[in-house]
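Commentary on secondary and tertiary structure
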Amino acid sequence: LSGAESGCGRGVPCVHQALSHVAGSGWTCRAVLGDGHQRTVRRVAWSPCGSYLASASFDGTTCVWKRQDDGFECVATLEGHENEVKSVAWAPSGSLLATCSRDKSVWVWEVDEEEEYECVSVLNAHTQDVKHVVWHPSQELLASASYDDTVRLYQEEEDDWVCCATLEGHESTVWAVAFEKGGERLASVSDDRTLRIWRRYNPGNQEGVACSGSDPTWKCVCTLSGYHSRTIYDVSWCHLTGALATACGDDAIRVFEESPTLTLHCSASVLRTSVEAEPSRRNRPRVSFSRHMSLMALAVFPVSFLE
Amino acid sequence: RCFTAAPLPPASDIIRTIRDPEKPNTLEELDVVTEGGVEVQEIGEDEYLVIIRFTPTVPHCSLATLIGLCLRIKLQRCLPFRHKLEIYISEGTHSTEEDINKQINDKERVAAAMENPALRDIVEQCVSEPD
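Residues numbered from 1 in each chain as written. Chains lettered and ligands numbered in written order. Predicted model: local features only at pLDDT ≥ 70, side-chain atom pairs only at ≥ 80, totals over all residues. Heavy atoms only, no water.

Short version of the rule: UniProt positions are given in the numbering used here, feature names are shortened, and annotations may be inferred rather than shown by experiment.
By the naming in an unreviewed UniProt entry, chain B is Cytosolic iron-sulfur assembly component 2A, taken from Formicarius rufipectus. According to the UniProt record, the Subunit (unreviewed entry) comment for chain B is "Monomer and homodimer. Component of the CIA complex. Interacts with CIAO1. Interacts with IREB2. Interacts with APAF1." Its UniProt record gives chain B the following Sequence similarities (unreviewed entry) comment, quoted word for word: "Belongs to the MIP18 family."

You'll find chain A entered in an unreviewed UniProt entry as CIAO1 protein, with Formicarius rufipectus given as the organism.

Written out as structure tokens, the structure is:
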């Protein structure tokens, strides 16, 4: 494989073009944005319109890059966090951006028609390092996951961003959260090796869950333990199929599906070299539902395998 | 299953020569790490879980964290087999042991800390092989 120069910049020979012909994958390295950050780049996120890319770095800054004909230009550098920025996320509207940091804060930024970015809120609700921020799929509701073992939710109330809910239950760092397509449920994963599902209950709900005033309440409706043998670092909720996928420190990816009778089971677990779905030896897998569930199905299903 | 004998290269050999950040002694000389504080469990084919429990010489929090960091870095680099690593302060030896244990087992925090040049220099000095 010759090191074919392909204009990636930085004088780094790009072998990707050569490799793509060999592998048949058709991917080309279009740009290397090497001068934007001085330390590890931890997260990247495309804007909903696809024209912008945000990058969050351990150097404490978040860069916004605009796609041009011949590459990307850095159009903004968002500064303010005191130390490593761990996550960045665009709101569905594309006019809001959220960042979070080891400095315990979550920042909300607004971008106007002139591509000017302004910090509109600094939220200090968490008491420790904030690992992940994610927006609700359709509303301007923000969720954050933290080293303080909680998930917090934020929204704008009377021109001010406030923390409107705190989800407690995890027994260690929450590494990631994901909203279900409809936005009524949220999944969280943690260093405590559990995957939890939380549901929003609006005021006047028929399940009889108490709400304070006009604010919805979030309750943990399902906890999956014993499936993961080490820290769970990421979760993704498929908006098409409803399936949940987790990324775990035990080198496995697990896919969870919900059956029509409101039970959750682990349908596949793909390990590094073999397809195995054996749950952790340490604990029997348990699926527990809160009393707020109208169906009290409690079972551990035998695991089935993907072909 | 707990392996303490050959043919596994003892993890304790790798860590006994780590130098204390403050004193001119090794962690073994100071009884910060002992053979009994090293546990190795088989968790898969050719993969092992290594658990280290250490006792810091002083209750100073940042020093304990630093020792934990040195242990992690040395083992990550030198263990010749595939492994997962857990490092803990021995129970009851420190007032903020839960806080310290959480930090030294958070891989993102460890990675970020090792990007700090001053901290990295200290760790490198502590883990480098004696001449």
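**Looking at the environment of A:D234**
Residue and element names in this part refer to chain A. Keep this limit in mind: Starting at the N terminus, helices and strands are each numbered in turn, a helix being any DSSP run of H or I of at least four residues and a strand any DSSP run of E of at least two. The buried label applies to any residue whose accessible area, calculated with a 1.4 Å probe on protein chains only, is under 20% of its type's maximum; exposed applies above 50%, and partly exposed to all values in between. The contact criterion used throughout is that any non-hydrogen atoms of two residues lie within 4.5 Å.
On the secondary structure map, D234 appears in strand β17 (residues 232-237). Assessed through its relative accessible area of 34%, D234 is described here as partly exposed. Spatially, the C-alpha atom of D234 lies 19 Å from that of R199, the residues being 35 residues apart in sequence. Not counting the four nearest positions on each side in its chain, D234 is found in contact with A176, V189, A245, T246 and A247.

**What to know about the UniProt feature "repeat: WD" (unreviewed entry) in chain A**
Residues and elements named next belong to chain A. When the UniProt feature table is mapped to this numbering, "repeat: WD" (unreviewed entry) covers residues 34-66, 78-119, 123-155 and 167-198. In residues 78-119, helix accounts for 0% and strand for 52%; the two terminal C-alpha atoms are 8 Å from one another. Between the end C-alpha atoms of residues 167-198 there is a gap of 8 Å, over a span that is 0% helix and 53% strand.

**Section: the domain arrangement of chain A**
All names here are of chain A. Stated formally: Marked domain ranges trace back to an automatic or database domain assignment. Two parts placed together each lose some accessible area under a 1.4 Å probe, and adding up what both lose gives the buried area. Salt bridges are defined as contacts in which a side-chain nitrogen from Lys or Arg sits within 4 Å of a carboxyl oxygen from Asp or Glu. Gly counts as polar in this scheme, as do all residues outside two lists: the nonpolar Ala, Val, Leu, Ile, Met, Phe, Trp, Tyr, Cys and Pro, and the charged Asp, Glu, Lys and Arg.
For chain A, the assigned domains are domain 1 (37-168) and domain 2 (176-279). Taken together, the contacts link 16 residues of domain 1 with 14 residues of domain 2. Of the roughly 1,200 Å² buried between domain 1 and domain 2, counting both surfaces, carbon and sulfur atoms make up 70%. It is H136, P137 and L167 that lose the most area in domain 1 upon contact with domain 2, and together they represent 35% of the buried surface on that side. Where domain 1 touches domain 2, the interface holds zero salt bridges. Mapped onto the side of domain 1 that touches domain 2, the elements with two or more residues apiece are β9 (130-135), β10 (141-146), β11 (151-157) and β12 (160-167). For the side of domain 1 that touches domain 2, the leading source of residues is β11, giving four residues. Here the side of domain 1 that touches domain 2 is composed, by residue class, of 10 nonpolar, four polar and two charged.

**Comments concerning empty space enclosed by the protein**
All names here are of chain A. Convention followed: Of the grid points, spaced at 1 Å and generated over the protein atoms alone, those admitting a 1.4 Å probe that cannot get out make up cavities, while open sets with protein on both sides within 12 Å along at least five of seven lines make up pockets; any residue with an atom within 4 Å of a point is treated as lining. Grid points are joined across faces, edges and corners, and a volume is the space filled by probe spheres set on the points.
The final tally for this structure, using the stated rule, is four cavities of 30 Å³ or more. Contributing to the lining of the largest cavity are L141, Q155, C164, A165, R200, D215, P216 and W218. Among the residues making up the lining of the largest cavity, the classes are represented as five nonpolar, one polar and two charged. A domain-level breakdown of the lining of the largest cavity finds at least three residues from each of domain 1 (37-168) and domain 2 (176-279).

**What to know about the interface of chain A and chain B**
Rules: Pairs of N or O atoms within 3.5 Å make up the polar contacts considered here, provided that, within protein, one atom can donate a hydrogen while the other can accept it, and that residues adjacent in sequence are counted only when both atoms are side-chain atoms.
Each side of the interface is counted separately: chain A has 23 residues, and chain B has 16 residues. Here chain A and chain B share an interface that buries about 1,600 Å² over both sides, 36% of which is from carbon and sulfur atoms. The three residues of chain A that bury the most area against chain B are A:R39, A:Y147 and A:R230, which together make up 33% of that side's buried surface. On the surface where chain A and chain B come into contact, there are 14 residue pairs in polar contact (both at pLDDT 80 or more). A breakdown of the residues in the side of chain A that touches chain B according to their chemical character gives four nonpolar, four polar and 15 charged.

**Regarding the pattern of salt bridges**
Under the defined criterion, the tally for this structure stands at 26 salt bridges over all chains. Across the pair A:E180 and A:R185 runs a salt bridge, and its minimum N-O distance is 2.8 Å. A salt bridge links A:R196 to A:D192; its shortest N-O distance comes to 3.6 Å. With respect to burial, A:R196 and A:D192 carry one shared label: buried. Shared partners join several salt bridges into a network, and the residues in it are A:R42, A:K86, A:D129, A:K131, B:D106, B:E108 and B:R109.

**Some words on the pairing of strand β8 (residues 117-123) of chain A**
Residues and elements named next belong to chain A. What counts, and what does not: Being paired, for any two strands, means DSSP has found at least two bridges between them.
The pairing of strand β7 (residues 106-111) with β8 spans six bridges and is antiparallel. The partner of W107 across the bridge, within β8, is V122. Linking β7 to β8, which pair antiparallel, is a turn of five residues; within it E115 sits at a positive phi near 60°.

**Remarks on helix α5 (residues 117-127) of chain B**
Residue and element names in this part refer to chain B. Filter applied, for reference: Note: the arc covers the axis-to-C-beta directions of the helix.
Every buried residue of α5 is accounted for by V123, C126 and V127. Across the axial projection of α5, the buried residues extend over an arc of 85°, all falling on one side. Pointing more than 90 degrees away from the buried face of α5 are the exposed residues A118 and Q125. Considering only its buried residues, α5 is in contact with α2 (61-78).

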